[in-house]
Each structure stands twice: as C-alpha cells, then as structure tokens.
Amino acid sequence: MAKDPVSELIGGGVRTRTPFTSLLNRFLYKFKLPWKVVKNEELPHVMCSVEQRINFSHLVDQVLAYGVVGDLVELGCYEGQTAALIQMVNVRHQARPFHVYDAFVADWNTRSGTVQERLKRRFAAAGLPGPIMHEGDMRHTLPAELPERIAFAHFDCGMGDDPERHRDLLLHCLEHVYPRLSPGAIAVFMDYHDPDRTVNGLNSNPGVRMACDGFLADRPERMEVLYGNDFSHGYFRKR
Ligand SMILES: C[S@@+](CC[C@H](N)C(=O)[O-])C[C@H]1O[C@@H](n2cnc3c(N)ncnc32)[C@H](O)[C@@H]1O
C-alpha cells in the first residue's frame, strides 16, 4: 500500500536511525551508558522542524474538519515547504482556495531555478494543485489581495533581520488579516518564542512576539506556544 502523503511531507526525508546507529545504541544500552546516537539528517535548507510540521497538519485539519469559514493564506512562503504541507492537508478535504504571499527576493538555496519555479516544482512533485500566488512586498499586496474571509493563516516572513522592522511588517499583516479571520480560525506565527513558556526552541526572530503580544494586548485572544523542538512557533484562535 502507498505511504500516507501527509506523513511523507512531514517526515519522509528524515531518517534518524541507520543500521550503524542501531548497532551503536545496542552497545550503549547493553553497557548501561546514558547516551543514544541519532543520525543528523536535516533536510537541506530546512525551514521548519518535524514537530512543527505535525502541528501544522493538525491545526489545518482542525479548521477544515470543523467547517471554519474562509480561505487559507500563508504570508511568507519562500519555496513552499510549509505551503505544500498546508495544501496537502487542504486537498484531503474539499480543498479551499489557498493564497501565498511573498516578494520572492530572498534566496538561501543554490539549487537551479528561481524561488517561484522551485515552489511550483515542489507542488507538482507532490501531485498538488498550485497555490494562488501573490507576488510582491506584503506592505503593498495587503490588504488589496487578501480574501474576504480566512480560516487559517500562517505568518512566516522572518529573515533574521532587524526585530523592529519585522515587528512592523507583522503588525501591518495582522492589522489586515485579523478582521478577516472567522470565529474559530487559526493564526500560526513562525518563530513566536516566549522565553518563559517555549520548550527548547530558539528565539531567532524576536520581532514576532513583540508584534503578536502587542497586537493582542487589548483583544480577547492570547498566544499559545507550540512544541517545535529546536524551532519555535505559536498560534491564537480567533474568538
Ligand atoms: C523564512 S521564509 C518563509 C519560509 C516558508 N514558509 C517555507 O516553509 O519555505 C520568509 C519569506 O518571507 C518573505 N518576506 C519577508 N519580508 C517580506 C515582505 N515585506 N513582503 C513579501 N515577502 C516578504 C521572504 O521573501 C521569504 O521568502
């Protein structure tokens, strides 16, 4: 039987055991040594952890299964690692329109083609319909190109740059996305890191918490942290 496609996108490229590490671990266990060897096989240019992909699959599935009204959006899609996963869960249901927004300027990858071409290839390779692409600086494409109602939003526009600049960009996005979120909609923020609550993750883009906590201060929603291993993220559910 074919492997489950969502699981393939979550962990298909990650293998932490090999016959050699298993042998070493049997030896360590036998001699009661308190270590375990795992193969370090991160995907090249990985944008999120396996734990985060699991979180995404459940959160997207949740809004679709419970019929939360609206389209799906991702603000900052780069070459589509998280977007392909969101779309894979989306097509399991009666697929909703899925919009992605990016300036497609940053490129951390040396592989062939432009960022947009690699995104399209990733979707095609997974047998997925392409997302609706909104190319340009989000300070210009939002709000004009946003759908009327939104059920799921992923905010991922951090590039390790100046926290105040990143906060201001996210505040611009939030100002326009928040009123379009339906009751029960989920908004996930890559790199949301609360030093008092996040377990293990890095604080790689501090502007995210500055924007989220500041924006929600006088609103009824509160940020929840999610476990992402060495990455951080969090979400709120619209009241
Ligand atoms: C960390 S990457 C997104 C990773 C993506 N979610 C993935 O899983 O592959 C951040 C993206 O945000 C985009 N970005 C940052 N600032 C932007 C802006 N002002 N307007 C449009 N895109 C922007 C960058 O071009 C980059 O592709």
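Residues numbered from 1 in each chain as written. Predicted model: local features only at pLDDT ≥ 70, side-chain atom pairs only at ≥ 80, totals over all residues. Heavy atoms only, no water.

Describing the nonpolar core
Okay, so step 1: Formed by 60 residues in total, the largest nonpolar core has its most connected members in Phe152, Phe155, Val177, Leu181, Phe189 and Phe236.
Okay, so step 2: Broken down by element, this core gets its largest block of residues, 7 residues, from strand E5 (residues 181–190).
Okay, so step 3: If we ignore the near neighbours within four places in the chain, the residues touching valine 177 are Leu75, Leu142, Leu146, Ile150, Ala153 and Phe155. (Core = buried A, V, L, I, M, F, W, Y, C linked by side-chain atoms within 4.5 Å. Buried < 20%, exposed > 50% of the residue type's maximum accessible area, 1.4 Å probe, protein only. Helix = DSSP H or I, 4+ residues; strand = E, 2+ residues; numbered from the N terminus. Contact = heavy atoms within 4.5 Å.)

Focus: the domain arrangement of the chain
Okay, so step 1: As assigned here, the chain comprises domain 1 (1–41) and domain 2 (50–237).
Okay, so step 2: Once you take the C-alpha centre of each, domain 1 and domain 2 turn out to be 30 Å apart.
Okay, so step 3: Across the contact, 7 residues belong to domain 1 and 9 residues belong to domain 2.
Okay, so step 4: Of the roughly 720 Å² buried between domain 1 and domain 2, counting both surfaces, carbon and sulfur atoms make up 77%.
Okay, so step 5: When the buried surface of domain 1 facing domain 2 is broken down by residue, Val6, Leu9 and Ile10 rank first, second and third, together holding 78% of it. (Domains from an automatic or database assignment. Buried area = accessible area lost by both parts, 1.4 Å probe.)

Brief notes about the sheet that holds strand E4 (residues 150–155)
Okay, so step 1: Here we have 7 strands laid out as an open sheet, ordered E3-E2-E1-E4-E5-E7-E6, and mixed in their pairing. Each of the sheet's edge strands pairs with one partner strand only, and the pair in question is strand E3 (132–135) and strand E6 (224–226). When strand polarity is set aside, the average angle formed by the axes of neighbouring strands in this sheet is 20°.
Okay, so step 2: Of the pairings in the sheet, the one linking E4 to E5 comprises 5 bridges and is parallel in character. Following the sheet pairing, alanine 153 is matched in E5 by alanine 187.
Okay, so step 3: Packing against the sheet, helix H3 (residues 50–65) makes contact with strand E1 (71–75), E4, E5, E6 and strand E7 (233–237), and its axis sits at approximately 170° to E5.
Okay, so step 4: Against the sheet, helix H7 (residues 163–177) makes contact with E1, E4, E5 and E7, and its axis sits at roughly 175° relative to E4, the strand it touches most. (Pairing = 2+ DSSP bridges. Axes fitted to C-alpha atoms, helices over the stretch in contact; angles between N-to-C directions.)

Topic: a nonpolar patch on the surface
Okay, so step 1: A contiguous nonpolar patch, built from Phe27, Phe31, Leu33 and Trp35 and spanning about 460 Å² of accessible area, is present on the exposed surface.
Okay, so step 2: Judged by relative accessible area, which is 46%, phenylalanine 27 ranks as partly exposed. (Patch = residues over 30% accessible without salt bridge, like charges linked within 9 Å, V, L, I, M, F, W, Y side chains within 5 Å. Areas by Shrake-Rupley, 256 points an atom, 1.4 Å probe, with all protein chains shown as cover. Salt bridge = Lys/Arg side-chain N within 4 Å of Asp/Glu carboxyl O.)

Details of the pairing of E7
Okay, so step 1: Burial runs high along E7: 4 of the 5 residues are buried.
Okay, so step 2: Two strands pair when backbone bridges link them, and E5 and E7 are joined in this way by 5 bridges, in the antiparallel orientation. The partner of valine 188 across the bridge, within E7, is tyrosine 235.
Okay, so step 3: Pairing geometry for E6 and E7, over 3 bridges, is antiparallel. Bridge pairing in E7 links glutamate 224 to tyrosine 235.
Okay, so step 4: What sits between the antiparallel neighbours E6 and E7 is a turn of 6 residues, in which asparagine 229 has the positive phi angle 60°.

Points about the environment of leucine 119
Okay, so step 1: As for its placement among the helices and strands, leucine 119 is situated in helix H5 (residues 115–125).
Okay, so step 2: Leave out the neighbours within four places in its chain, and leucine 119 touches Cys77, Tyr78, Glu79, Gly80, Pro131 and Met133.

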